[in-house]
Amino acid sequence: MASSPDGSRRIAWEAQLSPITDRDILARTARYAADCIGVCWVSPGPQAPPWIDVVPAVQVSAPDQHGQCWRVVDGLGGFDAAAGTWEFKPQELGRFVRWVLSGSVTPVASLPHYTSVPRGSGGHYVQRHLWWTSAQSERAQNEHDRRRQEQAERTNRARREAAVRRAARQQQEFQRMQQLKWRRQSQLVPTPEDEEILRAQAQERRRLEEAWRRQREQEAAKREELADRAVEVARAWWQDVPPVQRAELFAAVAERAWHDEEVRVEIPERPQVSES
């Protein structure tokens, strides 16, 4: 039991070695509080006990063979405002005791958004709901959480406003489509002027189709006439070619076909001009 010189403040230091349930340690802490006595539970085990963030507590490590002093390795923390998270603050046990007795550090609860704390390397996280820490870290946590909530509210407000604008655009589009649909329906019954315009358009369309049909017939007749002339010209030219030149021409074609494509060409006795 540690008491202030005037006896107005008392703190119990409990070295808890045996296993204990959360319910029992909370009950014992409550009995201390009923007698206006603060308490700090101390665990010297190699692993942090399950109750380390249930009641005001710390885990300590014994001096090693190199003469290192007793140290607090868990339960003492500080809030990193830049990272927005708590972090462990290992410290000599003697200095931690002085801080507790002087009121420099007190038990502070982690706010719900900040209970997950990185521990060691490799992305390992542990849950801590209660810390021995300074008033400065407590204020830093509260300020960070206030800014986080304000940012979340701004984000939610922007999303709500965007949803309202989107709904307004959809409503406007729906109204526009309804108006367009009404206009189309209202135009289904044509006026006499509309009927006259439609008749004129139909007549013009029939006139263009007839002109296009006549043009296609004329072009087809012209192509047929040219083809007939080409056949007559070819037949007349072929009749003027002497038999000796015809034989030389056929021989050259047959030789070329065999030399280039290995295709054997047989020349008929009386070749004719093709009309195709």
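Since we're looking at a predicted model, the values are computed, not measured. (Residues numbered from 1 in each chain as written. Predicted model: local features only at pLDDT ≥ 70, side-chain atom pairs only at ≥ 80, totals over all residues. Heavy atoms only, no water.)

A. Layout of helix α1 (residues 22-34). Look at α1: 18 Å from first C-alpha to last across 13 residues, which is about the 18 Å you get at 1.5 Å a residue. Within the span of α1, buried status applies to Ile25, Thr29 and Tyr32. Along the long axis of α1, the arc covered by the buried residues comes to 55°, so they all point the same way. Across α1 from its buried face, at more than 90 degrees, point the exposed residues Arg23, Arg31 and Ala34. Packing partners of the buried residues in α1 comprise β2 (10-15) and β3 (38-43). Positive backbone phi, approximately 60°, marks Cys36, located one or two places after α1. (Helix = DSSP H or I, 4+ residues; strand = E, 2+ residues; numbered from the N terminus. Expected span 1.5 Å × (residues − 1). Buried < 20%, exposed > 50% of the residue type's maximum accessible area, 1.4 Å probe, protein only. Arc of directions from axis to C-beta. Contact = heavy atoms within 4.5 Å.)

B. Just the sheet that holds β3, in detail. Judged by pairing direction, the sheet is mixed, and its 6 strands sit side by side in the order β1-β2-β3-β4-β5-β8 without closing on themselves. Edge positions in the sheet fall to β1 (2-3) and β8 (91-92), since each of these pairs with one other strand and no more. Of the strands in this sheet, β2 and β3 are in contact with α1, which crosses β3 at around 145°. (Pairing = 2+ DSSP bridges. Axes fitted to C-alpha atoms, helices over the stretch in contact; angles between N-to-C directions.)

C. Molecular detail of the state of the cysteines. Inspection of every chain in the model, using the stated rule, returns 0 disulfides. No disulfide involves Cys36; its sulfur sits 19 Å from the nearest other cysteine sulfur, which is in Cys40. (Disulfide = S-S within 2.5 Å.)

D. Inspection of unusual backbone geometry at higher detail. The phi dihedral of Cys36 falls on the positive side, at around 60°, and the residue is not glycine. The class for Cys36 is exposed, based on a relative accessible area of 64%.

E. Seen up close, the packing of aromatic side chains. For the structure on display, the rule yields 6 aromatic pairs. A ring pair is formed by Phe79 and Trp86, whose centres lie 5.5 Å apart and whose planes are at 75°; its orientation type is edge-to-face. Residue class for Trp86 comes out buried when judged on its relative accessible area of 0%. With centroids separated by 5.2 Å and ring planes inclined at 65°, the aromatic side chains of Phe88 and Trp131 adopt a geometry described as edge-to-face. Here Trp131 lies in strand β12 (residues 130-134) and Phe88 lies in strand β7 (residues 85-88), a separation of 43 residues in the sequence. Of the two residues, Phe88 and Trp131, neither departs from the other in class, the shared state being buried. Feature note: the residues Phe79, Trp86, Phe88, Tyr114 and Trp131 constitute an aromatic cluster, connected by ring pairs. (Phe/Tyr/Trp six-rings, centres within 6.5 Å; stacked < 30°, edge-to-face > 60°.)

F. Seen up close, a nonpolar patch on the surface. Among the surface-exposed residues, Val263, Val265 and Ile267 lie close enough to one another that they form a single nonpolar patch of about 200 Å² accessible area. Assignment of secondary structure puts Ile267 in the segment after α5 (243-261). In this structure Ile267 comes out as partly exposed when scored by relative accessible area, which is 37%. (Patch = residues over 30% accessible without salt bridge, like charges linked within 9 Å, V, L, I, M, F, W, Y side chains within 5 Å. Areas by Shrake-Rupley, 256 points an atom, 1.4 Å probe, with all protein chains shown as cover. Salt bridge = Lys/Arg side-chain N within 4 Å of Asp/Glu carboxyl O.)

G. A look at the pairing of β3. β3 sits mainly inside the fold: 5 of its 6 residues count as buried. In this sheet, β3 lies alongside β2 in parallel orientation, the contact comprising 5 bridges. Looking across to β3, one finds that Ala15 is bridged to Val42. What joins β2 to β3 is α1, and the crossover it makes is right-handed. (Right-handed = clockwise from strand over helix to strand, strands pointing away.)

H. Focus on the pattern of salt bridges. Taken as a whole and judged by the stated rule, the model has 17 salt bridges. Glu143 is the salt-bridge partner of Arg146, the closest N and O atoms lying 2.3 Å from each other. Placement of the pair is Arg146 and Glu143 together in helix α3 (residues 135-186), with a separation of 3 residues, close to one helical turn. Arg146 sits in the partly exposed class, given a relative accessible area of 38%. Looking at Glu143, the relative accessible area reads 30%, which means it is partly exposed.

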